[in-house]
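Report on the structure
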Amino acid sequence: MGELAHGAGGQIPAAEVPEMELPHPHGWWSTYVFSQDAKVIGIQYALTALAIGMVALVLSWLMRLQLGFPDTFTFIDPQAYYQFITMHGMIMVVYLLTALFLGGFGNYLIPLMLGARDMVFPFVNMLSFWVYLLAVLVLVASFFVPGGPTGAGWTLYPPQAILSGTPGRDWGIVLMLLSLCLFIAGFTMGGLNYVVTVLQARTRGMTLMRMPLTVWGIFTATVMALLAFPALFVGAVMLLLDRLLGTSFFMPTLVEMGQQLRYGGGSPILFQHLFWFFGHPEVYIVALPAFGIVSDLISTHARRNIFGYRMMVWAIVIIGALSFVVWAHHMYVSGMHPWFGFFFATTTLIIAIPTAIKVYNWLLTLWRGNIHLNVPMLFALGFIVTFVNGGLTGLFLGNVVVDVPLSDTMFVVAHFHMVMGVAPVMVIFGGIYHWYPKMTGRMLDDTMGKIHFWVTFLGAYAIFFPMHYLGLLGVPRRYHTIGETSFVPASAADLNAFISVVALVVGAAQMLFLFNLLWSLRHGRESGPNPWRATTLEWQTPETPPGHGNWGKELPVVHRWAYDYAVPGAPEDFVPQNEALPPPAHVAKGEATA
Amino acid sequence: MTIALLFLGVLAAVAAWWLARQGLTTKPWLETGPMDDAPVRGSMRVPAAKLGLGMFMTVAATLLVLLLSAYSIRMEMADWSPPPRPGLLWANTAVLVLASVALHRAARATRRGDREAVGSALLLGGGMSLLFLLGQLLAWRELARAGYLPANNAADAFFYLITAVHGLHLLGGLVALSRAGLRLRGAPIAKLRLSVELCAAYWHFLLVAWLLLFATLAFSPSFDWLVALCTAPFR
Amino acid sequence: MAVALILVLVAVGSVTFHLLSPWWWTPIASNWSYIDATITVTFWITGVVFVAVVLFMAYCVFRFRSRPGQRATYEPENKRLEIWLTVATALGVAAMLAPGLFVWHRFVTVPTDATDIEIVGQQWLWSYRLPGEDGKLGAVETRLISPENPLGLVPGDAAGRDDVIIQGDDLHLPIGRPVRVLLRSIDVLHDFYVPEFRAKMDMIPGAVTYFWFTPTRTGTFDVLCAELCGSGHAVMRSRVVVQSTEDYQAWLDGQRRFAQASR
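None of these values were measured; they are calculated from a predicted model.

1. Focus on the overall build of chain C
Across its full length, chain C carries 5 helices and 10 strands. Overall size of chain C, expressed as C-alpha extent along the three principal axes, is 95 × 40 × 35 Å. Evaluated residue by residue, chain C yields a buried proportion of 40% over its 263 residues.

Below you can see the structure in the form of structure tokens.
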């Protein structure tokens, strides 16, 4: 077996794998701080993202206080409110979700799941984290500069973003754009690493079709992000020049508060195209890793192979490709050429088909499974409910003519929070509960986990499901208060107050989660190497938590796909990927059912 | 955005071609063993660093293509008036060609193991690149002196922006080039060869990118039918 | 068991909320009832899918929950089932998309007899311009905007002399006559939004966008801004008064013309 050398995309027999030159840490600083070990970098990414996510959580509380009880909190004036929504949105989408899925889970899991010792460019990987941290610090700095952070909305549409009617026009917007540019630079360093690692550093026997779906999701999302983020970069740099040098890339001739400005001729729509050319793939950059991770959670905890693995892989790739030709569905009412509506509505609704296939396959994995309702599985179930709900309301907004009345209302806010806020966050929690034992050697506390799940899931659903109906009623988004209207009944204020109270409770439940993370570090039950009896390679490391270089002396050799659960004839109900047994009985069985 | 979409279309085609050779239709649950019987096609033994650079160049190309997309959309607006093209740009282009050729020779010299020739070629390539950057700065000064400032017209601003983005990429390349230069003495020849080859590939990329950017900046008004075709739907 | 029950409750609760919710769309006042119909179709299809998915999940959680000695069924895929589901999904999607595109075609096809009116947004004020007897709106230029000429009309243009300009007051429209609304902004993005009309569109500085509708119900309707336009976004309000043709004419006759105003 040792002599086969023609590996697809870098499979070489273990004997021939040139041992990676790992930079070995010397002392505390290079082990935990300036570490080049992907596992440490992944945890650094995750902790930074969770920390900045706490800021976003507090901002959402402030917003909900204002919306639920208008005129009660005098320190929340319209300017402050717009700053809150802007920072909340940007932090959640870019600095939390993107960074946590790709930088956090990606760094930790890719080398382990593929049987690699580390990422292929450890130094660049370390640099990626530090640039990300710098981006976060620049972003946080904008809270402390004169005028505060920008209040342009997370979409940063010009001309409004850089005119004086918008809060944070002097410093906030500049720091925001700089921070985004830094983030993109840092991400590109990490992203190149993840892609090349998947292509080149897989261990012997790990063909592409044997990769766990987690890796497929993160890999595809990373490729997409590498191609989509440049659009945001271009837009941000041009907007920065408009703001600082007075260029007119996006700025038309305009009269601000009675004053003729020097700008002229620019196209605000151009910015929107650039922004959404990034912004729509971004939705799937967050969703695809979530799809991948949740597939593995469901399969492991239902003790059943993921149903339709091939379809799942194809769907990930197809969704990734299609997501680049749907961006203008964010611009149906932007005044772009109306004939575009036909094209983009069609592509947008077509993307629902591969997405639906994924949902069916998750359900069919549960069906005839052996479902263990562990905390990660609960979060996976919560993900399916919220994702299906949010995905289906996406069919309203993607269908161009239905979007006309609903765009820019609370319906949109409810939709995207359900589908790319709550649903991916469910997966993040599920993933943390699932892999925490590998990272620390201890289990997270089960009771606290269950309380955390039920409050978060039911609470988030109670927040965002009724919110759709406010939008249907016609309540616009980005209003700090609806004020006097003839069409909003007084009962809407009660609903808003209800939503706010639930939001506070759900937010508080996250404190329990943070406490659990800390408490279990010391007091959690010892997990052993493979507490969930899972098949994938990260659970087969010689040490838990895995040591530097992951695999001890010899790299694992992969003998099978990642989903051999409940194989007929096998002694256990799971067969790890690196195990040569069982005998061909299951192959025959597999053919019979396929 | 049509240009960007076309570019992505090409990338998608490459990706599809590659994926089609990865056995994506196999049924992985039917195969056991360390892949002896797995369908293995298209062996692609490229050093990780080369693949990484290739990926990076793809990302950089995406960035430039998006800039060109923005350029083509913006030039359709009524106020567009491109600045005159400084004659110096022709000289700069020639200098960049020389830098690229020098690095190509350096790469060939590493294959022969001739460290001395590598050293002089790297020096020439680096020197020419610095000269190119200096020339670009002079072109900026020439334009600015003549009153073509970024705030005057978006066409002027695009000139500065696009040349700056290209120049910064070259500057980043120079950092890598100087690292290769440091390896000249002590490092084993295989390592030196890899570094120099990577630099050479990157310089060729930057040369091609510059030729395209230069053509756009200098001649785009003459292909207005093409521009109109590309931007019609996005106005 | 409890998990399955809660999942059932989520599905049932969502449907109950939908049926009993006092928060529903405002009574329509334009010709775009097609849009409402498309939304209704979409609600039916997506509602059925949602309930089916959640109930099926609840069933699986109940029926296949782990018990001692139980083992999952090994079944890597089932091509027929997957193809069948894909086709069903594609049909469902088509059932929503087809009416959607059909209505969108109407939405972007302005009837030839529509009257042009202009709505101008600025931070944070709505202005309106109606054509005079000639039925034409005069040319405008943002550079010409000044306190005396707030909408920037070109003074020499004959078509603009009889234009009616309304600033800081309600817009009046006659019932039953299609209008093409030309949208313009002089500073940032805005969006003219009347929930009862269903139709809306962003206004972009430096360009003119449009949409059309026919008012079908008399009354006074709130105008809001639906595109974030700075700190006064939420208070950028106005009203539209839809009147019978006679009332409208009487109101129009009382308005001053651009030529009179600028004199």
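Having seen the structure, we can now continue with the description.
2. Thoughts on the sheet that holds strand β2 (residues 125–130) of chain C
Residues and elements named next belong to chain C. Reading across from one edge, β3-β2-β1-β5-β8 is the order of the 5 strands in this open sheet, with mixed pairing throughout. Every other strand in the sheet has two partners, leaving β3 (164–167) and β8 (209–213) as the edge strands with one partner each. Shown here is a sheet whose adjacent strand axes are inclined to one another by a mean of 20°, direction ignored. Note that strand β5 (residues 179–185) and β8 share 5 bridges and pair antiparallel. Considered in β8, the bridge of Leu-182 is made with Tyr-210.

3. What to know about the interface of chain C and chain A
Each partner contributes residues to the interface: chain C has 82 residues there, and chain A has 100 residues. Elements supplying a minimum of two residues to the side of chain C that touches chain A: α1 (2–20), α2 (33–63), α3 (79–108), β6 (190–193), β7 (200–203) and β9 (219–225) of chain C. If one sorts the elements of the side of chain C that touches chain A by residue count, α3 of chain C sits on top with 14 residues. The residue inventory of the side of chain C that touches chain A, partitioned by class, reads 49 nonpolar, 20 polar and 13 charged.

4. Examining the domain arrangement of chain A
All names here are of chain A. For chain A, the assigned domains read domain 1 (34–249), domain 2 (267–483 + 497–521) and domain 3 (528–594). Spacing between the C-alpha centres of domain 2 and domain 3 amounts to 30 Å. Taken together, the contact between domain 2 and domain 3 spans 17 residues of the former and 14 residues of the latter. Listed by contribution, the elements that provide at least two residues to the side of domain 2 that touches domain 3 are α7 (268–301) and α13 (410–440). Looking at which element gives the most residues to the side of domain 2 that touches domain 3, the answer is α13, with 5 residues.

5. A word on the domain arrangement of chain C
Residues and elements named next belong to chain C. As far as domains go, chain C holds domain 1 (2–65 + 78–108) and domain 2 (115–262). A separation of 38 Å is found between the C-alpha centroids of domain 1 and domain 2. On the side of domain 2, 13 residues touch domain 1, which itself brings 8 residues to the contact. Of the residues assigned to the side of domain 1 that touches domain 2, the class counts are 5 nonpolar, 3 polar and no charged.

6. Here we look at the packing of helix α9 (residues 340–350) of chain A against α3 of chain C
Put simply, α9 of chain A and α3 of chain C touch, their axes get as near as 11 Å, and they point 170° apart. It follows that α9 of chain A is roughly antiparallel to α3 of chain C by the angle criterion. Along the contact surface, α9 of chain A presents Gly-341, Phe-342, Ala-345, Thr-346 and Leu-349 of chain A, while α3 of chain C presents Val-93, Met-96, Leu-97, Gly-100, Leu-101 and Trp-104 of chain C. Grouping the amino acids of the contact of α9 of chain A with α3 of chain C by side-chain chemistry returns 8 nonpolar, 3 polar and no charged.

7. Brief notes about the pairing of β5 of chain C
Residue and element names in this part refer to chain C. Within β5, 5 of the 7 residues are buried, which leaves it mostly tucked inside the rest of the structure. Where strand β1 (residues 115–122) meets β5, 7 bridges bridge the pair, whose relative direction is parallel. Following the sheet pairing, Val-120 is matched in β5 by Arg-184.

8. Comments concerning the sheet that holds β7 of chain C
All names here are of chain C. Here 5 strands make up an open sheet; going across it, the order is β4-β10-β9-β6-β7 and the pairing mixed. Edge strands, defined here as strands with exactly one partner in the open sheet, are β4 (171–174) and β7. Neighbour to neighbour, the strand axes of the sheet diverge by 25° on average, direction disregarded. In the packing of helix α4 (residues 245–253) onto the sheet, contacts are made with β4 and β10 (238–243), and the angle to β4 comes to roughly 140°.

9. So, helix α5 (residues 172–200) of chain A
Helix length check: α5 of chain A, at 29 residues, gives a terminal C-alpha distance of 42 Å against a target of 42 Å (1.5 Å per residue), a fit within 8%. Of all 29 residues making up α5 of chain A, 25 are buried, and the element is well covered by its neighbours.

Conventions adopted
Per chain, residue numbering runs from 1 following the sequence as it is written. To label them, take the chains in the order written and letter them from A, then take the ligands in the order written and number them from 1. Restriction of local features to residues with pLDDT of at least 70 applies here, the model being predicted, together with a cutoff of 80 or more for giving and counting side-chain atom pairs; totals for whole chains, interfaces and linings are based on all residues. Each helix is a run of DSSP H or I of at least 4 residues and each strand a run of E of at least 2, with the numbering of both proceeding from the N terminus. Each residue is classed by its C-beta neighbour count within 10 Å, where at least 20 other C-beta atoms makes it buried, 12 or fewer makes it exposed, and intermediate counts make it partly exposed; the C-beta atoms are placed from backbone geometry. In short, DSSP must find at least two bridges between two strands for them to pair. Structural elements are reduced to axes, namely lines fitted to C-alpha atoms, with helices fitted over the stretch in contact, and the angle between N-to-C directions of any two is expressed from 0 to 180 degrees. Residues are treated as contacting if the C-beta atoms built from their backbones sit within 7 Å of each other. Residues are grouped as follows: nonpolar covers Ala, Val, Leu, Ile, Met, Phe, Trp, Tyr, Cys and Pro; charged covers Asp, Glu, Lys and Arg; every other residue, Gly included, is treated as polar. The domain boundaries here were taken from an automatic or database domain assignment. Roughly parallel refers to an angle under 35 degrees, roughly antiparallel to one over 145, roughly perpendicular to one between 65 and 115, and oblique to any angle outside these ranges. Any helix carries an expected span of 1.5 Å times its number of residues minus one.

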